[in-house]
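# A structural walkthrough
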Amino acid sequence: MDKSRVKRVFINDVDGYSSRHIAKFLSTYVAEEASDDSETEEEVSSRAPGEPAFHVVGTCTCTGDEFAFLRERYESPTKEELLQHLLECDVVVYNVSESGTQHQVEEATWALTALQTEMETFKSRKWFILISTVMTWAMTKPHNPDEKDALITEEEYRRRRPHPSFRNVHNLEKLVLKLPRGKKSKLVGYVVAAGLQYGRGENLFHYFFKVSWLMTFPKVPIFGQGANFIPTIHVYDLAGVIQNIIELKPKSKYILAVDDSKNALEDIVKVISSELGPEKIHKLSKQNAIAMKAFKPGELECLSINLLLDTNIIKDSFNLNWTCEAGMIENIGSIVEEYKQTRQLLPIRIFLVGPPAVGKTIVAEKLCRHYQIHHIKIKEIIEEKIAQLKQVVDGADAEDISADSVATAQQQLENINKSTEMNEGHLPDHLVFDILQEKLSSKPCNNQGFVLDGFPKTFEQAKMIFSEENMESQGLDLESKSPAYKKNITPEYIFALNASDEFLTKRVQGLSESVVEKMRYTQDEFELRLRRYRERSNAEETLLDYFDQLEIHAEHIEVNTDDPEYKDVMKKIMELVGVPKNYGLSPEEQEQQNRKKEEERRQMLAAEAAERKRRNEAALAEMAAQYEKWQKNLSEVERQEKELLEAQSLPLRSYLMKYVMPLLTEAMLECCRIKPDDPVDFLAEHLLRNTQEE
């Protein structure tokens, strides 16, 4: 291989889950030093220190900055263009491990055949790596089927039997293995049979993570009995296997890529539910998975695999820097953190403070709807806790609750009732704090986040709730110079809604009596509550002072207009908090929203058309009225002109009747009597003669 450049690696379908993460891993991999069997000293020295060992290129259908790790990306190339790109690469990786669609298998088969045809023109050796799937082993039986937990070893790959749906992938594996071997071969093939992949945001196991994180069901469904053993591998560990093949060029051409775990599907789902969700599972039939649109048939086939595989090559020959060597269950904490970070499913914790009637609850409700987080009102969570304890004590869900849990719930309920009686009907602060801490530490609040609505109210209350108890004696955190606190339940955004007493009083006075009674805004109660809030705000140590010590500084927002939608307040808060860090709408919800938007669009267009029609009709009516008015004015002008002409013609008529018409009439009568040959000349002479005589 040309020693003047790093290896150029092609990967197909980089917008897919598996290929994307493998490409990302390889594009950032920096070789530490060359092994005896791989790169020469000259090859290593040709790379600058810290330069990636591979230049990764690939095909993809999507665009955007998320694929910036690719040196080049090819969108829908023709076969001639794609072959040219493949010939420019040192390593060609075709990944059919996720779905093994007919299109993927056909393209990989074509690429392999095309490269074989061009093999004699290669200037240097190339490597073709097929990332296959353990589904090509799905029907393989161990040598001793009666032996419990019998392993199938990597060396037995020649007797592997595929799942019926993966025969095409199995045939592709055989094509790769038929490539010529030996030092003279210019095209070397490897097959990597990958376990079901997990990590980096999940793909096949994503449904279990999602319903757990969202707490969609009280129990996470598992489809089938779940007793089957699933060979798995973290997608970055699979990428590490590919990197080792490229660098070490092992003698064995068939490699199993699975971790050391021997986990059943039921155990995997249980640990996901325990770490993220309701901590319970519920077995359903596989038909329910299709009806619930949880999995596609091909995905169910993968989750139904039952194999115990043992691999030696990646353990003994490879230098793998394992991400999850022990598997999903042993590493569930880091896998869940990867899942949250990759998908940006991060909790948003907000605390709203402010005087009574400033609008904290309305703003909190709007924020909860926008960010899909949980509204924490102290009165409601106390009522919820008591109801839960009563439900446990009454045995509403007896089959899932142990006797110890019932006894504990009974004891807690008795403590609450006894303390409330001794405290004149009010729950003591320490019990309120315990209930609030438990709620804020719950899975829903930990997963999605919350909005604290006006509680705690004082410095001491905040300290009791959020301070780290086992760190109190140590004082300040040496690194941050701030008190230690419980980061998973402490708000990260504090918003203080401010308004004048006069404004708040006028607002309360404008409320209906029913609202006033419900919100305890009667004149005496409101004035007392407002006065207490101002006193707490002017105390030596205020609520906001506590958060200032934690370097969580409040953002003050003035409320000085009676906007029922709180548009300005919401805009400021959303600008500071940012976009929601949650799952978007489900396909059904998205479809419903699209239908709603389409209906709104149609209504808007219809309204605009009706408005245009109304405006046109109004314009036409106005034009008609103006034309009619113009016609009336024109008639009036003509009448007036006629009258004027008639008035102006009266003197002339009188003159003609007196001096002209008598002579002219006489002349014409004479002309008629004589009938001269030239009447006009006769008339002229007659008039002239008579005029001279007169």
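My aim in this report is to walk through the structure given alongside it, one point at a time. Since this is a predicted model, take the numbers as computed values, not measurements.

### Some remarks on the overall build of the protein
Secondary structure summary: the protein contains 25 helices and 18 strands in total. Against the globule reference of 26 Å for 694 residues, the protein gives a C-alpha radius of gyration of 45 Å, more extended than a compact globule. A burial count over the protein gives 43% of its 694 residues as buried. Partitioning the contacts of the protein with sequence separation of at least 6, the portion at a separation of at least 24 is 77%. Each charge sign in the protein was given a centre, from 89 positive and 116 negative side chains, and these centres are 4 Å apart.

### Topic: a nonpolar patch on the surface
Among the surface-exposed residues, Leu652, Tyr655, Leu656, Met657, Tyr659, Val660 and Met661 lie close enough to one another that they form a single nonpolar patch of about 670 Å² accessible area. Of the residues examined, leucine 656 reaches a relative accessible area of 32% and is grouped as partly exposed.

### Here we look at the sheet that holds strand S17 (residues 493-498)
As summarised here, the arrangement of the five strands in space is S15-S16-S14-S17-S18, forming an open sheet in which the pairing is parallel. For this open sheet the edge positions go to strand S15 (374-376) and strand S18 (555-558), each flanked by a neighbour on one side alone. Direction aside, neighbouring strands of the sheet carry axes that sit 20° apart on average. In this structure, strand S14 (residues 348-353) lies alongside strand S16 (residues 449-453), joined through five bridges in parallel fashion. Each bridged residue has a counterpart across the sheet, and for isoleucine 348 the counterpart in S16 is glycine 449. In the packing of helix H13 (residues 360-371) onto the sheet, the strands contacted are S14, S15, S16 and S17, and the crossing angle to S14 comes to about 170°. Helix-sheet contacts for helix H23 (residues 567-577) involve S14, S17 and S18, and the interaxial angle to S17 is about 160°.

### A word on the nonpolar core
Core analysis: the biggest nonpolar cluster contains 76 residues, and Phe128, Phe205, Phe208 and Phe209 have the highest contact counts within it. Sorting elements by how many residues they give to this core places helix H4 (residues 102-117) first, with seven residues. Excluding its chain neighbours within four sequence positions, the residues that come into contact with phenylalanine 128 are Val92, Tyr94, Ala108, Ala111, Leu112, Leu115, Val176, Leu187, Val188, Gly189 and Tyr190. Counting residues in hydrophobic clusters, the runner-up holds 42 residues, among them Val56, Phe69, Ala194 and Phe318.

### Re the pattern of salt bridges
Here the structure, examined in full by the defined rule, presents 25 salt bridges. Note that glutamate 279 is salt-bridged to lysine 443, the shortest N-O span being 3.0 Å. One end of the pair, glutamate 279, is in the loop between helix H8 (265-276) and strand S12 (281-284); the other, lysine 443, is in helix H17 (residues 443-447), with 164 residues separating them in the sequence. On the basis of relative accessible area, glutamate 279 is assigned to the exposed category, the value being 53%. Notably, a salt bridge pairs lysine 315 with aspartate 310, separated by 3.4 Å at the nearest N-O pair.

### Focus: a negative patch on the surface
Taken together, the side chains of Asp677, Asp678, Asp681 and Glu685 define an acidic patch exposed on the protein surface. Along the chain, the position of aspartate 678 falls in the loop between helix H24 (587-674) and helix H25 (679-693). Overall, the relative accessible area of 42% leaves aspartate 678 in the partly exposed class.

### A look at helix H14 (residues 378-393)
In this model H14 runs 23 Å from its N-terminal to its C-terminal C-alpha over 16 residues, within 8% of the 22 Å that 1.5 Å per residue would give. Restricting attention to buried positions, one finds in H14 the residues Ile381, Ile382, Lys385, Leu389 and Val392. Looking straight down H14, one finds its buried side chains confined to an arc of 105°; they lie on one side. Next to the buried residues of H14 lie S15, helix H15 (403-422) and helix H16 (429-440). Once H14 finishes, glycine 395 follows within two positions and takes phi at roughly 75°, a positive value.

Calculation notes
Residues numbered from 1 in each chain as written. Predicted model: local features only at pLDDT ≥ 70, side-chain atom pairs only at ≥ 80, totals over all residues. Heavy atoms only, no water. Helix = DSSP H or I, 4+ residues; strand = E, 2+ residues; numbered from the N terminus. Rg over C-alpha atoms; globule rule 2.2 N^0.38 Å. Buried < 20%, exposed > 50% of the residue type's maximum accessible area, 1.4 Å probe, protein only. Contact = heavy atoms within 4.5 Å. Lys, Arg positive; Asp, Glu negative; His and termini not counted. Charge placed at Lys NZ, Arg CZ, Asp CG, Glu CD. Patch = residues over 30% accessible without salt bridge, like charges linked within 9 Å, V, L, I, M, F, W, Y side chains within 5 Å. Areas by Shrake-Rupley, 256 points an atom, 1.4 Å probe, with all protein chains shown as cover. Salt bridge = Lys/Arg side-chain N within 4 Å of Asp/Glu carboxyl O. Pairing = 2+ DSSP bridges. Axes fitted to C-alpha atoms, helices over the stretch in contact; angles between N-to-C directions. Core = buried A, V, L, I, M, F, W, Y, C linked by side-chain atoms within 4.5 Å. Expected span 1.5 Å × (residues − 1). Arc of directions from axis to C-beta.

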